[in-house]
Amino acid sequence: MLKQIDDEERKALSRRTFLVTSAAAGGGLLLGVYLPRSIGAKAQVADEALSPNAFVRIRPDDTITLIMPQVEMGQGTYTSMSMLIAEELEVDLAKVSLEAAPASDKLYANPLLGFQVTGGSTSVPGFWEPLRRAGATARIMLIQAAATQWNVDPASCKAEKGEVISPTGERLNYGALVDAAAKLPVPDKVALKDPKDFTLIGTPAKRLDTPEKVNGKARFGIDAMIPGMKFATVAACPVFGGKLKSVDDSKAMAIKGVRQVVKIDNAVAVVGDHMWAAMQGLSALDIEWDDGPNANVTTESIVEQMARASQNEGVVARSDGDFAKAIPGAAKRIDAVYEMPFLAHAAMEPMNCTVHVTKDSCEIWVGIQVVSRAQATAAQVTGLPPEKIQVHNHLLGGGFGRRLDVDGVTQAVAIAKQVDGPVKIVWSREEDIQHDVYRPYYYDRFTAGFDEQDRLVAYHHRVTASSILARWAPPAFVNGLDEDAVNGAAKEMPYDIPNILVDYVRDEPPGLTTGWWRGVGPTHNIFVVESFIDELAAATKKDPVEFRRSLLGKQPRVLGVLNLAAEKAAWGTSLPEGVGRGVSVQFAMGTYLSQVAEVEVSKEGEVKVRRVVCAVDCGQIVNPDTIVAQMEGGIIFGLGAALWSEVTLEGGRVKQHNFNDYRVLRINEAPQIEVHLVKNTEAPGGIGEPGTIGIAPAMANAIFAVTGKRIRKLPIKDQLRPA
Amino acid sequence: MPTLTINGQEQELDVPDDMPLLWVLRDVVGLTGTKFGCGVALCGACTVHLDGRPIRSCITPVSNVVGKKITTIEAIGETESGAKIQHAWLNIEVVQCGYCQSGQIMSAAALLESNPNPTDVEIDAAMSGNICRCGTYMRIRAAIKQASQSA
């Protein structure tokens, strides 16, 4: 049964205007019909299996394989996707085996993004219906096959735990029905279960990927072991946009185990019998770089350019009432500038890619969030047609947005073209940090005005930032507005204010590439908006929770999570000296969230987050423990970044190297985190990123509550140290 | 040609003396459960046991481990502490991406071996050298506690 999307769902999905735009521009899906192109298409499989769609394969020996359209990078999607299929297929999760989907936009396009991609917390929202339908389709065919064999009405049979049961209690397992079911036409309309009949969805399921992750058997991209494989490591020009001028490899080639030095346009790689030989070889190279046009770029020069650009009027992202008319009459005016730094991803698994290029084929072993793009770039580099490029996707040792870009694959294939046989290219941690695709630097200007009665009447927010969309999904960059850069600031900004203006100034920093980072646009906007709203509460001497409540009358779900978080955190009760609470609310990725952080600031200015209370309303819950885990992990990820992390440039070079100077949160700095889930049957929202988004403002607002100092620039680092 | 004892098996390996154990395990022996994270002992992903004590294999030259007992994630389940830790890890559902977890489990098993009943502070002290970017720290604490309380 096709489901027409209703207004509520449309609203929940509207946050992704850019994604929809992008998909529509690609000629693929339109939101009007919530149906990805992949459903109904058949994957190429052996004839003896039942495979009514690209996600389910059942063999006569009763093995049931679910093909995972989304990649597993810790967010639990292999389990959630499996639950959606298994709920309707009526099989135990313990009985299924999983397989990573091959590269194919046709079969495995993300319904919300229009191509094969895992990102933006879209897996459950996007595949919520298609995967249940995939499971139901197979179940209906199996029931039909059994009913025919028993000569009974299919409606009198039911499926349960991998078997079809007749009205008289006869049972046939799915495997025994495969031959007959595979000959049946694939039904184009299937009825889905009423949510009240769910037995799996909404219950805590053990993650399917965990057992092999505790005994060393799990295979990440970096663990690919191909017979005859060589190992390589690489140095790219330390200045972005620079080139390799010359390299003297005589010392490197003399090292035992070094086999080859490969030069490409902007990098050099050493190939050896193992990573150690390659590493030693690389450090023995005498390399001369042509730094190119960005050799003088510094963080300061970039920020100066942004500050200037932010004086210009931007492209309007939201306009309610008339800000320009309202602000001159304001009785009280507040102005503020916020800044957020470039960030690296620093996933624990350093960038790597294993490639085997031959005359007429190319095989790739990697963990990537964009499988078909990996295939496309390899096709471009090798000149081979895409169907000759086989991508074996692996578990990702963290993605966080880094693996939404294929620069590492492009480089690896270019190197592998010059190597005889398969080669695994692994970046050092330093290379990984210094050649990332960075979270943009953000420069935000705010102005707000109150009337005589301290009512907030005018609000202006100008975002100045690079456009990730213009680079990553050009069709989605429409009329100069980057919907991601203002996501969380514009139409999703929940506060009821009569005159609102939000505009966007695009400013591209020279010398580096910006890209997706966990929480994407909202990680930036929720920090600045929630911090500024807190400033406005303080300016009118109002309690931060009360002030928000007074502006959220039209936002019941935002208000709901705010009230829940405030209650669970005992907002308003007393705390020891030097400890304070801060709050944030957000609507992002279809999920409503509020966090209260309890923060201690020492006399030396050291910040310790003691406790975080997080209330989540993500609509229909699939795997509750995964939601809790994603909130916990997302909060830790956002907390470390807000406290410590930044990438800075000098002489066009990234100054940070490794975890010593790109500091991330460690266990001794981790707070207690309590997660409270709101249960309802609204359309499912995303959960991979929301936790990261709201922690920085909750913490910064708590710091203000303790110290009276407003954090307007991240990271916090030593800003609170007494002068 | 150093001879190493890895997970109870003696192996003669044709590798240079200064080669870090990490790369011997991963690239020569083919035990890929031990992970490369930083290369300079800052993240703990490469943790293995040397005679039962945790070491960072990325900075440990193979010449330093000759004649000693090397245990990796692939065999830690054969020790009592290791099995308890793995069990608790599954019970508490600690793991997300899982890349750092080999190292976390090796550090945790070593902690339990030396301190059967660690406090939160002792857990933090023993585990602060192991970075997890997915942020599973709370569950690591809980799992170590659970393992320490299991018979």
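In this text the structure is predicted, and so the values were computed from the model without any measurement.

Below, the discussion takes up the overall build of chain A. Helix and strand counts for chain A come out as 19 helices and 27 strands. Relative to a compact globule of 723 residues, whose C-alpha radius of gyration would be 27 Å, chain A shows 27 Å and is just as compact. With respect to the principal axes defined by its C-alpha atoms, chain A has extents near 80 × 70 × 50 Å. Counting over 723 residues, chain A shows a buried share of 58%. The contacts of chain A with a sequence gap of at least 6 include a subset with a gap of at least 24, amounting to 77%.

Okay, the confidence of the model for chain B next. Per-residue pLDDT for chain B has a mean of 97; in total, 99% of the residues score no lower than 70. If you check the scores for this complex, the pTM reads 0.94 and the ipTM reads 0.98.

Right, let's talk about the packing of helix α2 (residues 80-92) of chain B against helix α3 (residues 101-114) of chain B for a bit. Residue and element names in this part refer to chain B. Following both chains from N to C, one finds α2 and α3 inclined at 125°, their axes separated by 8 Å at the closest point. Relative to α3, the element α2 lies oblique. Judged by the twist between their axes, the crossing of α2 over α3 is right-handed. Residues Ser81, Gly82, Lys84, Ile85, Gln86 and Trp89 of α2 form the contact with α3, whose own contacting residues are Ile105, Ala108, Ala109, Leu112 and Glu113. Its residues assigned to classes, the contact of α2 with α3 comprises 6 nonpolar, 3 polar and 2 charged.

All names here are of chain A. With 289 residues, the main nonpolar core has Leu142, Ile364, Ala374, Ile415, Ala565, Cys614 and Met699 as its most contacted residues. Tallying contributions element by element places helix α5 (residues 123-150) first for this core, with 13 residues. Dropping the residues within four chain positions of it, Ile415 is found in contact with Ala232, Val234, Val262, Ile264, Ala269, Val423 and Ile425.

For the rest of this paragraph, the subject is the interface of chain A and chain B. Size of an interface: often given as the accessible area lost when the parts come together. Each partner contributes residues to the interface: chain A has 49 residues there, and chain B has 45 residues. Going through the elements one at a time, α8 (275-283), α18 (624-643) and β27 (672-677) of chain A are the ones with two or more residues in the side of chain A that touches chain B. Ranked by residues supplied to the side of chain A that touches chain B, first place goes to α18(A) with 7 residues. Taken together, the residues that form the side of chain A that touches chain B break down as 25 nonpolar, 13 polar and 11 charged.

Attention now goes to the environment of Ala698(A). Residue and element names in this part refer to chain A. With respect to the element layout, Ala698 can be found in helix α19 (residues 690-707). The spatial distance from the C-alpha of Ala698 to the C-alpha of Val664 is 18 Å, given a sequence separation of 34 residues. Contacts of Ala698, omitting those with residues within four sequence positions, involve Gly582, Val583, Ser584, Gln595, Val596 and Ala597.

On to the sheet that holds strand β13 (residues 315-320) of chain A, then. Residues and elements named next belong to chain A. On the basis of which strands lie adjacent, the open sheet formed by 5 strands has the order β13-β21-β20-β19-β14 and mixed pairing. Whereas interior strands pair on both sides, the edge strands pair on one side only; in this sheet they are β13 and β14 (332-340). Averaged over all pairs of adjacent strands, the angle between strand axes in this sheet comes to 10°, irrespective of strand direction. Bridge count for β13 against strand β21 (residues 499-506) is 5 bridges, and the pairing is antiparallel. For Asp320, the partnering residue across the bridge sits in β21 and is Ile500. Against the sheet, helix α9 (residues 299-309) touches β19 (442-450), β20 (456-465) and β21, its axis set at about 35° to β19. Its contacts with the sheet place helix α15 (residues 520-539) against β14, β19 and β20, and it is angled at close to 150° to β14.

Residues and elements named next belong to chain A. With respect to the helices and strands, Glu682 occurs in the loop between β27 and α19. C-beta crowding within 10 Å serves as the criterion here: with 18 such atoms nearby, Glu682 is assigned to the partly exposed category. Sequence spacing of Glu682 and Gln620 is 62 residues, and the spatial spacing of their C-alpha atoms is 5.6 Å.

On to unusual backbone geometry. All names here are of chain A. For the bond from Leu714 to Pro715, the omega torsion is 0°, close enough to zero to count as cis. One non-glycine residue with positive phi stands out, namely Glu90, at about 60°. Mapped onto the elements, Glu90 comes out in the loop between α3 (77-89) and β4 (96-100). Phi is positive for Asp454, which is not a glycine, with a value near 60°. On the secondary structure map, Asp454 appears in the loop between β19 and β20.

Our next topic: the sheet that holds strand β5 (residues 158-160) of chain A. Residue and element names in this part refer to chain A. Pairing is antiparallel in the open sheet, where 3 strands are placed in the order β5-β6-β7. The open sheet has two edge strands with one neighbour each: β5 and β7 (171-173). Across this sheet, the average inter-strand angle for adjacent strands is 30°, counted without regard to direction. Where strand β6 (residues 163-165) and β7 come together, 3 bridges link them in antiparallel fashion. The partner of Ile165 across the bridge, within β7, is Arg171. In this fold helix α6 (residues 174-182) packs onto β6 and β7, with an angle of close to 80° to the strand it touches most, β7.

Residue and element names in this part refer to chain B. The domains assigned to chain B are domain 1 (3-71) and domain 2 (76-149). At the level of secondary structure, the elements contributing two or more residues to the side of domain 1 that touches domain 2 comprise β3 (47-50) and β4 (53-56). Broken down by element, the residue count for the side of domain 1 that touches domain 2 peaks at 3 residues, all from β3.

With that settled, the discussion passes to the domain arrangement of chain A. Residues and elements named next belong to chain A. Domains assigned within chain A are domain 1 (7-212), domain 2 (221-292 + 351-426) and domain 3 (299-342 + 438-707). Taken together, the 29 residues of domain 1 in the interface contact 33 residues of domain 3. At 5 residues, helix α2 (residues 17-25) tops the list of elements feeding residues into the side of domain 1 that touches domain 3. For the side of domain 1 that touches domain 3, the per-class residue count stands at 13 nonpolar, 13 polar and 3 charged.

The next subject is α3(B). Residues and elements named next belong to chain B. In a regular helix each residue adds 1.5 Å, so 14 residues correspond to 20 Å; α3 covers 20 Å between its end C-alpha atoms and thus fits that length. Most of α3 sits out of view: 12 of its 14 residues are buried. When α3 is considered as a whole, its buried residues turn out to be Gln101, Ser102, Gly103, Gln104, Ile105, Met106, Ser107, Ala108, Ala109, Ala110, Leu111 and Leu112.

Attention now goes to helix α11 (residues 371-382) of chain A. Residue and element names in this part refer to chain A. For α11, spanning 12 residues, the distance from its first C-alpha to its last is 17 Å, which sits close to the expected 16 Å at 1.5 Å a residue. Of all 12 residues in α11, 10 are buried, a share of seventy percent or more. What α11 keeps buried is the set Val371, Ser372, Arg373, Ala374, Gln375, Ala376, Thr377, Ala378, Val381 and Thr382. For α11, the elements touching its buried residues are α4 (105-108), β15 (352-357), β16 (362-366), β17 (389-393) and α12 (407-416). Where α11 terminates, the next one or two residues include Gly383, which has phi positive at roughly 80°.

What follows is about the environment of Cys362(A). Secondary-structure assignment places Cys362(A) in strand β16. A tally of 23 C-beta atoms within 10 Å means that Cys362(A) is categorised as buried.

Right, let's get into the pairing of β4(A). All names here are of chain A. In the sheet, strand β3 (residues 64-68) pairs with β4 via 5 bridges, with the strands oriented parallel. Opposite Thr65, over in β4, you have Ser97 as the bridge partner. For the handedness criterion, the β-α-β arrangement of β3, α3 and β4 is classed as right-handed.

Okay, the pairing of strand β18 (residues 423-426) of chain A next. Residues and elements named next belong to chain A. Residue alternation in β18 divides its side chains into two sets, Val423 and Ile425 and Lys424 and Val426, and both sets are buried. Sheet topology note: the strand β8 (residues 230-236)/β18 ladder contains 3 bridges and is parallel. What sits directly across from Ala232, in β18, is Ile425. Looking at chain direction, β15 and β18 are connected through 4 bridges and run antiparallel. When the bridges of β18 are listed, Asn352 appears paired with Val426.

Definitions and limits used
Here, residues in each chain are numbered from 1, in the same order as that chain's written sequence. In the order they appear in the text, chains get letters beginning with A and ligands get numbers beginning with 1. Two thresholds apply to this predicted model, a pLDDT of at least 70 for residue-level local features and 80 or more for giving and counting side-chain atom pairs, whereas whole-chain, interface and lining totals are computed over all residues. Numbering goes from the N terminus for both helices and strands, where a helix is a DSSP run of H or I of at least four residues and a strand is a run of E of at least two. For the radius of gyration, the atom set is restricted to C-alpha positions; the globular benchmark scales as 2.2 Å times the number of residues to the power 0.38. Three exposure classes are used, based on other C-beta atoms lying within 10 Å of a residue's own C-beta, which is placed from the backbone: buried for 20 or more, exposed for 12 or fewer, and partly exposed in between. With C-beta atoms placed from the backbone, a contact is any residue pair whose C-beta atoms sit within 7 Å. Scored from 0 to 100, pLDDT records how confident the predictor is in each individual residue. For every element, the axis is a line fit to its C-alpha atoms; helices are fit only across the contacting stretch, and the angle between N-to-C directions ranges from 0 to 180 degrees. When an angle is under 35 degrees it counts as roughly parallel; over 145 it counts as roughly antiparallel; between 65 and 115 it counts as roughly perpendicular; any other value is oblique. Take the far helix as your reference; a near helix turned counterclockwise from it by less than a right angle gives a left-handed crossing, and one turned clockwise gives a right-handed crossing. Charged residues are taken to be Asp, Glu, Lys and Arg, nonpolar residues to be Ala, Val, Leu, Ile, Met, Phe, Trp, Tyr, Cys and Pro, and polar residues to be all remaining types, Gly included. For the purposes of this analysis, a nonpolar core is taken to be any set of buried Ala, Val, Leu, Ile, Met, Phe, Trp, Tyr and Cys residues that are connected through C-beta atoms within 7 Å. Strands qualify as paired when DSSP identifies two bridges or more between them. Each domain's extent is set by a domain assignment, obtained either automatically or from a database. Each helix should span, by expectation, one fewer than its residue count multiplied by 1.5 Å. Consider the strands pointing away from the viewer: the crossover is right-handed when the path from the first strand over the helix to the second runs clockwise.

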